[in-house]
Amino acid sequence: AMMERAIDSGLNVLITGETCTGKELVAKGIHYNSSRQDKPPVALNCAAVQRELIGSELFGHRKGAFTGAIEDKPGLFEVANQSTLLLDEIGDMPPEVQGNLLRVLEEGKVRRMGEHLLRDIDVRVLSMTNRNLQQEIRAGRFREDLYYRLDGFNIYVPPLRDRRDDIPLLAARFLRRACETQGKAIDGFA
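Thresholds, definitions, all that
Residues numbered from 1 in each chain as written. Predicted model: local features only at pLDDT ≥ 70, side-chain atom pairs only at ≥ 80, totals over all residues. Heavy atoms only, no water. Salt bridge = Lys/Arg side-chain N within 4 Å of Asp/Glu carboxyl O. Helix = DSSP H or I, 4+ residues; strand = E, 2+ residues; numbered from the N terminus. Buried < 20%, exposed > 50% of the residue type's maximum accessible area, 1.4 Å probe, protein only. Lys, Arg positive; Asp, Glu negative; His and termini not counted. Contact = heavy atoms within 4.5 Å. Pairing = 2+ DSSP bridges. Axes fitted to C-alpha atoms, helices over the stretch in contact; angles between N-to-C directions. Parallel < 35°, antiparallel > 145°, perpendicular 65-115°, else oblique. Left-handed = near helix turned anticlockwise from the far one by under 90°.

Caption draft 1: The pattern of salt bridges, seen in detail. Using the criterion set out here, one finds 15 salt bridges in the structure. Between Arg119 and Glu78 there is a salt bridge whose closest N-O contact spans 3.8 Å. Here the residue Arg119 occupies a position in strand β7 (residues 119-120), and Glu78 occupies one in helix α4 (residues 76-79), the gap between them amounting to 41 residues. For Arg143, the salt bridge is made with Asp145, and the minimal N-O distance between the two is 2.8 Å. One network of salt bridges, with partners in common, ties together Glu78, Arg112, Glu115 and Arg119.

Here you go:
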């Protein structure tokens, strides 16, 4: 029900919950049931990108903007134009990038590193985190104004131990996938 409301809202969505609770599946479900479903979502795991490169990944860069920038490169906001940007582990985003992200969300425009040109974008952002962002704000590691831009709609995904009714559905899905992968049939799961 929360996902359906989020789909129809068109707002940025913050999806929270413990590690491995299915936050990314929720985000993809929102995207693929939204008016943006015709274009694939673009994803970035904020924790997996080097601190020095995350700005370039998100916003792009101009050739020569920094050592190693050997050609112009569009950022993921440009790549995701008219679609959805999935920001996994948003709580791990370096503070020095958070201000630029806030500006993009406020203005709907992105500027590649090393350029002055602002490019219009139309991107819906679905963020995911296993961190308590309110605690991160109090600790000075996450911007409060960015939090409110990302949290247009909040979905908490409880751990599987609190969703025991989902276990038979998940087990059936995994068994069906294993049967397909192995070319085997089990009664009821061929």
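Back to the text.
Caption draft 2: Fine view of the side chain of Glu89. Mapped onto the secondary structure, Glu89 falls in the loop between β5 (84-88) and α5 (95-107). Despite its burial, Glu89 remains without a salt bridge, the nearest opposite charge being carried by Lys23 at 5.6 Å. Residues contacting Glu89, with those up to four places away along its chain left out, are Asn45, Cys46, Ala47, Met128 and Asn130.

Caption draft 3: Seen up close, the pairing of strand β1 (residues 13-16). Residue alternation in β1 divides its side chains into two sets, Val13 and Ile15 and Leu14 and Thr16, and both sets are buried. When β1 meets strand β8 (residues 124-129), the two strands line up parallel, connected through four bridges. Looking at β8, one finds that Val13 is bridged to Leu126. Bridging between β1 and strand β9 (residues 153-156) involves four bridges; their strand directions are parallel. Residue Thr16 lies in a different strand from β9, and its bridge partner there is Tyr156.

Caption draft 4: View of the packing of helix α1 (residues 2-9) against helix α2 (residues 23-32). Remark: α1 packs on α2, axes separated minimally by 9 Å, with the N-to-C direction vectors making an angle of 45°. Judged by the inter-axis angle, α1 sits oblique to α2. α2 is crossed by α1, and the crossing has right-handed handedness. Two secondary-structure elements touch here, α1 through Met3, Ala6 and Ile7 and α2 through Val26, Gly29 and Ile30.

Caption draft 5: Local environment of unusual backbone geometry. A positive phi angle, close to 65°, is found at Cys20, a residue other than glycine. Within the element layout of this structure, Cys20 appears in the loop between β1 and α2. Not every positive phi belongs to a glycine, and Glu89 is a case in point at roughly 55°. Since its relative accessible area comes to 16%, Glu89 is described here as buried.

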